[in-house]
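Listed below, chain by chain, are the residues.
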Amino acid sequence: MQTLTYLNGYQAEIQQQVQTLLSQGKLGDFLLKRHPEIHSVRTDKALYEYTIAIKNQYLRKSQPLSKVIFDDKISLSHQALGLHSYVARKQGAKIKAKNEIRISSRLKKVPEGLLRMVVVHELAHLKEKDHNKAFYQLCCHMDGDYHQLEFELRLLLTLIDAEQNPYR
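What counts, and at which threshold
- Residues numbered from 1 in each chain as written.
- Predicted model: local features only at pLDDT ≥ 70, side-chain atom pairs only at ≥ 80, totals over all residues.
- Heavy atoms only, no water.
- Pairing = 2+ DSSP bridges.
- Helix = DSSP H or I, 4+ residues; strand = E, 2+ residues; numbered from the N terminus.
- Phe/Tyr/Trp six-rings, centres within 6.5 Å; stacked < 30°, edge-to-face > 60°.
- Buried < 20%, exposed > 50% of the residue type's maximum accessible area, 1.4 Å probe, protein only.
- Salt bridge = Lys/Arg side-chain N within 4 Å of Asp/Glu carboxyl O.
- Polar contact = N/O pair within 3.5 Å; in protein donor to acceptor, adjacent residues only side chain to side chain.

Visitor: Outline the pairing of strand β2 (residues 82-91), listing residues and values.
Guide: Bridge count between β2 and strand β3 (residues 94-104): ten bridges; the pairing is antiparallel. Looking across to β3, one finds that Lys90 is bridged to Ile95. Between β2 and the antiparallel strand that follows it, β3, lie two residues; Gly92 among them carries a positive phi value of about 70°.

See below:
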């Protein structure tokens, strides 16, 4: 029986259902039914444009983004698939602050909804630094299916750990 690392916070019944589907080899079919295709965002430029489009739709007045990139160095050992950084640099007498978003390169071959969920999560950090109620309300405002997509991303990570990735 495999440990469901990414589903530790979920109810025992849900973990049992996932474990059953995983052992029967049907968990991948469940995800493929919900998300049959992977997204077409492959480059840093495309990711930047994708992210800015979402930002402009929901967070027009928030701080600007200076960089949005896929990052090979982000791994699950950091407990993250995306990182939001607020970088302050001193230039002469002025301090310049920049917001950067880095998305794990592992998300280059996932369905669009799962990529969007991570981007929405990182964009929400522009307004809310902590994972509090207001943060998750903002995530749900930007993507009404946020919590379901987060769960499905956790299912995909479980499949990847079990070497059953349906989106190779």
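The discussion continues.
Visitor: Explain the packing of aromatic side chains residue by residue, including any values.
Guide: Any aromatic ring pair is given by two values, namely how distant the centres are and how the planes are angled relative to each other. Under the defined criterion, the tally for this structure stands at three aromatic pairs. Ring centres of Phe135 and Tyr136 lie 5.0 Å apart, and the angle between their planes is 90°; on these two criteria the pair is classed as edge-to-face. A residue is classified by how much of its surface remains accessible, and Phe135, at 0% relative accessible area, is buried. For Tyr136, a relative accessible area of 27% puts it in the partly exposed group.

Visitor: Give me the lowdown on the pattern of salt bridges, citing residues and values where you can.
Guide: A full pass over the atoms with the stated rule returns six salt bridges. Between Glu152 and Arg34 there is a salt bridge, with its nearest N and O atoms 2.5 Å apart. Of this pair, Glu152 sits in helix α6 (residues 146-161) while Arg34 sits in helix α2 (residues 27-34); the two residues are 118 residues apart in sequence, bridging distant segments of the chain. Note on Glu152: relative accessible area 0%, which makes it buried. Look at Arg34 and you get partly exposed, because its relative accessible area is 39%. Between Asp71 and Arg102 there is a salt bridge; the shortest N-O distance is 3.5 Å. With Asp71 in strand β1 (residues 65-71) and Arg102 in strand β3, this pair connects stretches of sequence that are 31 residues apart. On the accessibility criterion, Asp71 (12% relative accessible area) is buried. Each of the salt bridges in this network shares a partner with another, and the network as a whole consists of Arg34, Asp145 and Glu152.

Visitor: I'd love a proper account of the side chain of Glu100, names of residues and values included.
Guide: Within the secondary structure, Glu100 sits in strand β3. Looking at Glu100, the relative accessible area reads 5%, which means it is buried. Looking at Glu100, its side chain comes within polar contact range of the side chain of Arg102, at 3.4 Å.

Bear in mind that shape data such as this cannot, by itself, settle questions of function.
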